[in-house]
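Each chain, written out:
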Amino acid sequence: MKLLAIETATEACSAALLLDRDVWVRFEVEPRAHARLILPMMEGLLAEAGLSLGQLDALAFGRGPGAFTGVRIATGVIQGAAFAADLPVVPVSTLAALAQQGLDEGANQVLAALDARMGEVYWGAFRGDEDGLAIPAGEEQVCAPSDAPLPEWQGWLGVGHGWSAHGDVLTTRFRDCLSGAPLADCLPSAAEVARLAARDFTQGMAVPAEAVLPVYLRNRVAEKPGRRTL
């Protein structure tokens, strides 16, 4: 299995090359530089492995949710590469990639939260499958931290900077559900996108380049919560 993945939905920009079970990754936290960084990251990984795009089995990308500009960059770059090399694409939830870091730390179930600005979080609950890879345990959504859905059982680990941006509200709301202190400094990485994409590819979840779409969850970026327009 040879797969190249990118993730640019947050302030972190990363690319990863999965070759069978090995994953090579380039990762930088440099907001507003994703458009400049991501192509050299991809090209560098391929050059290091001695591969061309056409020798890959598939491409993958973090399809959101996240910052609108970052999600658009990942979508556009991976779609262009897929058209150029005639490769299928595996879209992977940015929240699932984030949750995978918590599962890798030994958690069995994770509440992933990214700061969505405007007083909201991008939110998703995930469990590990038989191989310890993230699968949804509910629908992803954007919501106020005070409205984040409470699970019916205990033993969850919080992951993502939504837990630091809205820590007081979230830790109070989920105090009876959490198994420990949240991993609030985690940012999604293409390394986890690649691993999840490899599983999804084997399950037939790849799409052609023309079907590549971002997932924003929030469609209105210039409107404050609660404001109504006519």
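Worth saying up front: this structure is predicted, and the values here are computed from it rather than measured. (Residues numbered from 1 in each chain as written. Predicted model: local features only at pLDDT ≥ 70, side-chain atom pairs only at ≥ 80, totals over all residues. Heavy atoms only, no water.)

**Remarks on the packing of aromatic side chains**
Stated precisely, the cut-off is as follows: Within 6.5 Å between ring centres, the rings of Phe, Tyr and Trp (the latter by its six-membered ring) count as paired, and their orientation is classed by plane angle as stacked under 30 degrees, edge-to-face over 60, tilted in between. Here a helix means four or more residues in a row that DSSP labels H or I, a strand means two or more in a row labelled E, and each is numbered from the N terminus. Burial classification: accessible surface area is computed with a 1.4 Å probe over protein chains only, and a residue below 20% of its type maximum counts as buried, one above 50% as exposed, and the rest as partly exposed.
Using the criterion set out here, one finds five aromatic pairs in the structure. Measuring from ring centre to ring centre gives 5.1 Å for Trp123 and Phe174, while their planes differ by 25°; the resulting arrangement is stacked. Within this pair, whereas Trp123 is found in strand β7 (residues 121–128), its partner Phe174 is found in the loop between α5 (167–173) and α6 (190–202), the two being separated by 51 residues in sequence. We classify Trp123 as buried; its relative accessible area is 2%. Taking the relative accessible area as the measure of exposure, Phe174 reaches 0% and is therefore buried. Plain terms: the ring middles of Trp163 and Phe174 are 6.0 Å apart, the flat faces sit at 65° to each other, and that makes the pair edge-to-face. Of this pair, Trp163 sits in helix α4 (residues 162–165) while Phe174 sits in the loop between α5 and α6; the two residues are 11 residues apart in sequence, bridging distant segments of the chain. With a relative accessible area of 4%, Trp163 lands in the buried category.

**Some details on the environment of Glu152**
Structurally, Glu152 is set in the loop between β9 (141–143) and β10 (157–159). A sequence separation of 25 residues divides Glu152 from Cys177, and the C-alpha atoms of the two residues are 8.5 Å apart.

**Observations regarding helix α3 (residues 94–104)**
Threshold: Here a polar contact means two N or O atoms within 3.5 Å. Within protein one must be a hydrogen donor candidate and the other an acceptor candidate, and residues neighboring in sequence count only if both atoms are side-chain atoms.
For α3, the tally of buried residues reaches 10 of 11 residues, placing the bulk of the element in the interior. Among the residues of α3, those classed as buried are Thr94, Leu95, Ala96, Ala97, Leu98, Ala99, Gln100, Gln101, Gly102 and Leu103. Among the residues of α3, the N-terminal cap falls to Ser93, whose side-chain oxygen and the backbone nitrogen of Leu95 are separated by 3.1 Å. Phi turns positive one or two residues past the end of α3, at Gly106, with a value near 105°.

**Concerning unusual backbone geometry**
Omega for the peptide link from Gly64 to Pro65 comes to 10°, which places this bond in the cis form. The topology assignment puts Pro65 in the loop between β4 (58–62) and α2 (68–85). With a phi angle near 70°, Arg32 is a residue other than glycine that sits in the positive phi range. Mapped onto the fold, Arg32 is located in the loop between β3 (22–29) and α1 (34–49). Relative accessible area serves as the criterion here: at 83%, Arg32 is assigned to the exposed category. Positioned with a positive phi, Asp86 is a non-glycine residue whose angle comes to about 55°. Tracing the backbone shows Asp86 in the loop between α2 and β5 (89–92).

**Regarding the sheet that holds β5**
To keep it simple, the criterion reads: A pair of strands is considered paired only if DSSP assigns at least 2 bridges between the two. Axis definition: a line fit to C-alpha positions, over the contact stretch in the case of helices; interaxial angles, taken between N-to-C directions, run 0 to 180 degrees. Working rule for contacts: check all heavy atoms of both residues, and any pair within 4.5 Å makes them a contact.
Pairing is mixed across the open sheet formed by five strands, whose spatial order is β3-β2-β1-β4-β5. With one partner strand each, in any of the chains shown, β3 and β5 form the two edges of the open sheet. For this sheet, the mean inter-axis angle between neighbouring strands, taken without regard to orientation, is 15°. The strands touched by α2 are β1 (2–7), β4 and β5; relative to β4, the strand with the most contacts, the crossing angle is about 175°.

**Focus on α1**
The condition that has to hold: Helix span, as expected, comes to 1.5 Å for every residue beyond the first.
Across its 16 residues, α1 extends 22 Å between first and last C-alpha, which sits within 8% of the 22 Å expected from 1.5 Å per residue. The set of residues buried in α1 consists of His34, Leu37, Ile38, Met41, Met42, Gly44, Leu45 and Leu46. Elements that come into contact with the buried residues of α1 comprise β1, β2 (12–19), β3 and α2. Directly beyond the C-terminal end of α1, a positive phi value near 70° is found at Gly50.

Read these as geometric descriptors, not functional statements.
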